[in-house]
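Each chain, letter by letter, is given below.
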Amino acid sequence: MRKFRSLFVSIMLICILTTSVFLCACDKDDDQDWIKIHNYSSFSLKYSNYSTKINSVEDITTLCDENSSPIFKKDSYDRNIDIITTLNEYDEEFFMDKSLIVLFRLRNGFPFYVKDFEIIDQSFNITLARDLPKEPVAYPGVFISSICVYILEFDKEKVKDVTQINVQEILIQK
């Protein structure tokens, strides 16, 4: 019974630590309310990293349709319901003058934040960053895989010519 209690307490502490790290890492800039970052632990994707531009509700329908989706695996709707529900919150009124850039990134640990981006010709170039601690830190050895979905909202006119999305991930030593 003592071993079970110790194991339970250890798991709870790891969960609390992991949750606090996720929350701190995702909330980098309060002024960027046009950037939404969501973490999902239940998922079934064709690719671990995927990016797309969404201009309409029809684009979301195509993305989330289990028969035609370029990202979601067939017959996995139940595992992806949280991600799909989040995407389906965008309605026709939103898409009248806005578009989305959506990034799916598999994470085994800590998420990255949006450091910067630029649009050059038809390319949307984005840098995702994670700050490394100044001092070495011993993290628990258990990391749960999650999908970090970055949803960036833009005026439709700003990203109208974008046909390619390039993602760079960097680690920043503080």
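Let me sum up the structure you'll find in this document. All values reported here derive from a predicted model rather than from experimental measurement.

### As for the sheet that holds strand E1 (residues 35–40)
The strands making up a sheet are joined through hydrogen bonds of the backbone, oriented either antiparallel or parallel. Strands sit in the order E1-E6-E3-E2 across an open sheet of four strands; the sheet is antiparallel. Unpaired on one side and paired on the other, E1 and strand E2 (49–54) mark the two borders of the sheet. The average angle at which neighbouring strand axes cross in this sheet is 15 degrees, direction not considered. One ladder, built from six bridges, connects E2 with strand E3 (residues 98–108); its direction is antiparallel. The partner of Ile54 across the bridge, within E3, is Leu100. Here helix H2 (residues 57–64) sits on the sheet and contacts E2 and E3; the angle it forms with E2, its principal contact strand, is near 155 degrees.

### Some points on the side chain of Arg107
By the secondary structure assignment, Arg107 is in strand E3. Arg107 gets classed as buried once you look at its relative accessible area, which sits at 5%. A distance of 2.8 Å separates the side chain of Arg107 from the side chain of Glu169, its partner in a polar contact.

Quick notes on the rules
Residues numbered from 1 in each chain as written. Predicted model: local features only at pLDDT ≥ 70, side-chain atom pairs only at ≥ 80, totals over all residues. Heavy atoms only, no water. Pairing = 2+ DSSP bridges. Helix = DSSP H or I, 4+ residues; strand = E, 2+ residues; numbered from the N terminus. Axes fitted to C-alpha atoms, helices over the stretch in contact; angles between N-to-C directions. Contact = heavy atoms within 4.5 Å. Buried < 20%, exposed > 50% of the residue type's maximum accessible area, 1.4 Å probe, protein only. Polar contact = N/O pair within 3.5 Å; in protein donor to acceptor, adjacent residues only side chain to side chain.

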